[in-house]
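Structure assessment
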Amino acid sequence: MTFPDGFEEKYRALLGNEADAFFASFAQPAQSGFRVSPLRPPLAMNENGPAIPWSPTGEYGKVDGNGIDHVSGYVYSQEPSAQFVAAVCAATPGQRVLDLCAAPGGKTTQLAGQLQGAGLLVANEINAGRAKILASNLERFGVQNAVVTNNAPAELAAQLPESFDLILVDAPCSGEGMFRKDPDAMQYWSPDLVAQCATRQREIVTEAVKMLRPGGTLVYSTCTFAPEEDEQLAFWAAQTLPLTLQPIVKVGGIQDGRAAFAGGDEAVLATARLWPHALAGEGHFVAKFIKDGDAPAQSGKRLAASKLTAPQQQDLRAGLTALTDATWPQSRLVLRRDQLFAMPEATPQLAGLHVVRPGLHLGTFKIHRFEPSHSLATALSPASFHQVIEVTEADYARYRHGETLTVPTSGRGWVLLTHQGKGFALGKQVDHVIKNAYPKGLRV
Ligand SMILES: C[S@@+](CC[C@H](N)C(=O)[O-])C[C@H]1O[C@@H](n2cnc3c(N)ncnc32)[C@H](O)[C@@H]1O
């Protein structure tokens, strides 16, 4: 592997005797992993591998992106070291959690699993295109209590002061820890890039702290080795902001942060380093802080529910009760043009923010009818649907391609389609035919 100018010299100087092992690790294959969703019932998995020591739901191995386990949100593909970040967060049901740099959603879906549907998860992504991918991954994973926003950290901070118990800043970084997985990323590396990232990270963490309640937890992570973005950022934050570093429990070869990388400050020993030459995973850094003081999270003004007209209520009842036993209280229904969502409990007012998804997408009001959303296929358990049709491997592939299906039993109306007992799509049955309702953007 040929490194960019300045990279090898920098790490030989920083790592001394350890440098040979560090550089030798780049000749080894990148590690792959996935997580099994705790939001799903335990079902037989097609994907299985050795456990990842620091990730309670993580396993080593590759997932088939077109396989039913992935498509139905039973598994999420995620690099092993990256799984340590949300493990450090350890969100508990009922908390108000913000994932500030969230796309494509690896850590957000892990946080959602920890929340078990209880509490508020705000998943923010500054890049509009990536925010859509984030929303789509949350949909596939069946997350019901997430709001997806597309804002700069300062815009969110202006609206949501001291509003969260837990904030994750999985910062945009120089990405050195991913060079083995994605060698093309090396072309963007330079000492200047590292310096620019470090400046931007300080700005992001400064805004994040404003949104954290006193006594709340901030977890900061990168996938780079650069001390400027890691220990030095942690040292700066603990010196400058009302934050105190917290020790992180390290297992499976995870090491302490390096005091020598932050001018000898021993407080950064509390942070965690995942080095590819010391464990089976890519390069990562994690720091955990508590904000000084103690106060409950501000809930501020709540997002008001939408008032549905009498015909809309009727169409909604007819559309949903024909499909599922699941219900949502009127107080959580939010209408955006013709799209209906169920917002999480305690969703704050989001005026002025760019909201991609104010909660679970329930469906669309059409003329005189309510069309249920694809989101329901992965958000609800198959047991809550009135009509479930199990399809073969070949029909599963055909439906995902956009084709209609022919089934042995005649029927009429919306049905859940499952494969191996896992819900992956809704379809509209007319006699023996299932008309295709698979979202165009997901077809393969
Ligand atoms: C390391 S990635 C996040 C990965 C994600 N947490 C996951 O686990 O899938 C960092 C994200 O920060 C976003 N970002 C870039 N500049 C930013 C800024 N100034 N403020 C906040 N986020 C930013 C990027 O678009 C990117 O999606």
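Definitions and cut-offs
- Residues numbered from 1 in each chain as written.
- Predicted model: local features only at pLDDT ≥ 70, side-chain atom pairs only at ≥ 80, totals over all residues.
- Heavy atoms only, no water.
- Phe/Tyr/Trp six-rings, centres within 6.5 Å; stacked < 30°, edge-to-face > 60°.
- Helix = DSSP H or I, 4+ residues; strand = E, 2+ residues; numbered from the N terminus.
- Buried < 20%, exposed > 50% of the residue type's maximum accessible area, 1.4 Å probe, protein only.
- Lys NZ or Arg CZ within 6 Å of the ring centre and 35° of its normal.
- UniProt positions renumbered as here; feature names shortened; annotations may be inferred.
- Contact = heavy atoms within 4.5 Å.
- Near = heavy atom within 4 Å.
- Polar contact = N/O pair within 3.5 Å; in protein donor to acceptor, adjacent residues only side chain to side chain.
- Areas by Shrake-Rupley, 256 points an atom, 1.4 Å probe, with all protein chains shown as cover.
- Pairing = 2+ DSSP bridges.
- Axes fitted to C-alpha atoms, helices over the stretch in contact; angles between N-to-C directions.
- Core = buried A, V, L, I, M, F, W, Y, C linked by side-chain atoms within 4.5 Å.
- Parallel < 35°, antiparallel > 145°, perpendicular 65-115°, else oblique.
- Left-handed = near helix turned anticlockwise from the far one by under 90°.

**Overview of the packing of aromatic side chains**
Under the criterion given, the structure shown has 22 aromatic pairs. With a centroid separation of 5.4 Å and an interplanar angle of 50 degrees, the aromatic rings of Phe7 and Phe179 are classed as tilted. In this pair, Phe7 sits in helix H1 (residues 7-15) while Phe179 sits in the loop between strand E7 (164-170) and helix H8 (191-211), placing the two residues 172 residues apart along the sequence. Its relative accessible area of 0% is what places Phe7 among the buried residues. Taking the ring centre of Tyr74 as reference, the NZ or CZ of Arg40 above it sits at 5.4 Å. Directly above the ring of Tyr74 sits Lys422, whose terminal nitrogen or CZ lies 5.3 Å from the centroid.

**Some points on the UniProt feature "binding site: S-adenosyl-L-methionine" (unreviewed entry) in the protein**
Mapped onto the present numbering, the UniProt feature "binding site: S-adenosyl-L-methionine" (unreviewed entry) falls on Cys101, Ala102, Ala103, Pro104, Gly105, Gly106, Lys107, Glu125 and Asp170. Spatially, the listed residues are clustered: although they cover 70 residues, their C-alpha atoms lie within 12.6 Å of one another. Looking at the secondary structure, you find Ala102 in the loop between strand E4 (96-99) and helix H5 (106-115). Setting aside its immediate chain neighbours within four residues, Ala102 contacts Thr108, Ala123, Asn124, Glu125 and Leu134. Within the secondary structure layout, Gly106 lies in helix H5. Residues within four places of Gly106 in sequence aside, it is in contact with Arg35, Tyr76 and Gln78.

**Details of the site of the ligand**
Close to the ligand lie 17 residues, the nearest being Cys101, Gly106, Glu125, Arg130 and Asp170. A distance of 3.2 Å separates an oxygen atom of the ligand from a polar atom in the backbone of Lys107. Contact distances for the ligand include 2.7 Å between a nitrogen atom and a side-chain N or O atom of Asp170. Isolated, the ligand exposes 600 Å² of accessible area, and the fraction of that covered by the protein chains is 83%. Mapped onto the shell around the ligand, the elements with two or more residues apiece are H5 and H8.

**Structural notes on the sheet that holds strand E2 (residues 58-60)**
Read from one edge to the other, the open sheet built from three strands follows the order E2-E1-E3, with strand pairing classed as antiparallel. On the outer flanks of this sheet lie E2 and strand E3 (75-77), each paired with one strand and no other. Across the sheet, the mean angle separating the axes of adjacent strands is 30 degrees when strand polarity is ignored. Pairing of strand E1 (residues 33-36) with E2 involves three bridges; the strand directions are antiparallel. Each bridged residue has a counterpart across the sheet, and for Phe34 the counterpart in E2 is Glu59.

**Observations concerning the nonpolar core**
With 41 residues, the main nonpolar core has Leu100, Ile167, Val169, Val205, Leu218 and Phe289 as its most contacted residues. For this core, the elements supplying multiple residues, two or more each, are strand E5 (120-124), helix H7 (153-159), E7, H8, strand E8 (212-222), helix H9 (231-240), strand E9 (243-246) and strand E12 (284-291). For this core, the element with the most residues is H8, which contributes five residues. Ignoring sequence-local partners within four residues, the contact set of Val205 consists of Val169, Leu218, Tyr220, Leu233, Ala237, Leu241 and Leu243. Among the nonpolar cores identified, the runner-up in size contains 34 residues, and Ile52, Ala86, Ala91 and Val97 belong to it.

**Some points on the environment of Gln95**
With respect to the helices, strands and loops of the structure, Gln95 is situated in the loop between helix H4 (83-89) and E4. Each C-alpha atom of the pair Gln95 and Leu121 lies 8.2 Å from the other, and the pair is 26 residues apart in sequence. Once residues lying within four places of it in the same chain are set aside, the contact partners of Gln95 are Leu115, Ala118, Gly119, Leu120, Asp165 and Leu166.

**Brief notes about the pairing of strand E13 (residues 333-336)**
When E13 meets strand E14 (residues 339-342), the two strands line up antiparallel, connected through four bridges. Bridge pairing in E14 places Leu335 opposite Leu340.

**Here's the deal with the packing of H8 against H9**
Think of two packed helices as two axes; the pair is described by the angle between the axes and how far apart they sit. Direction vectors running N to C along H8 and H9 enclose 40 degrees, while the axes themselves pass 11 Å from each other. When the axes of H8 and H9 are compared, the pair comes out oblique. Two packed elements cross with a definite hand, and for H8 against H9 that hand is right-handed. Here H8 contributes Gln201, Arg202, Val205 and Thr206 to the contact with H9, which in turn contributes Gln232, Leu233, Trp236 and Ala237.

**Thoughts on unusual backbone geometry**
In terms of backbone geometry, most residues other than glycine have negative phi values and most peptide bonds are trans. The residue after Ala103, namely Pro104, is reached through a cis peptide bond having omega 5 degrees. You can see Pro104 is positioned in the loop between E4 and H5. The phi angle at Gln116 is positive, at roughly 55 degrees, despite the residue not being glycine. Among the structural elements, Gln116 can be located in the loop between H5 and E5.

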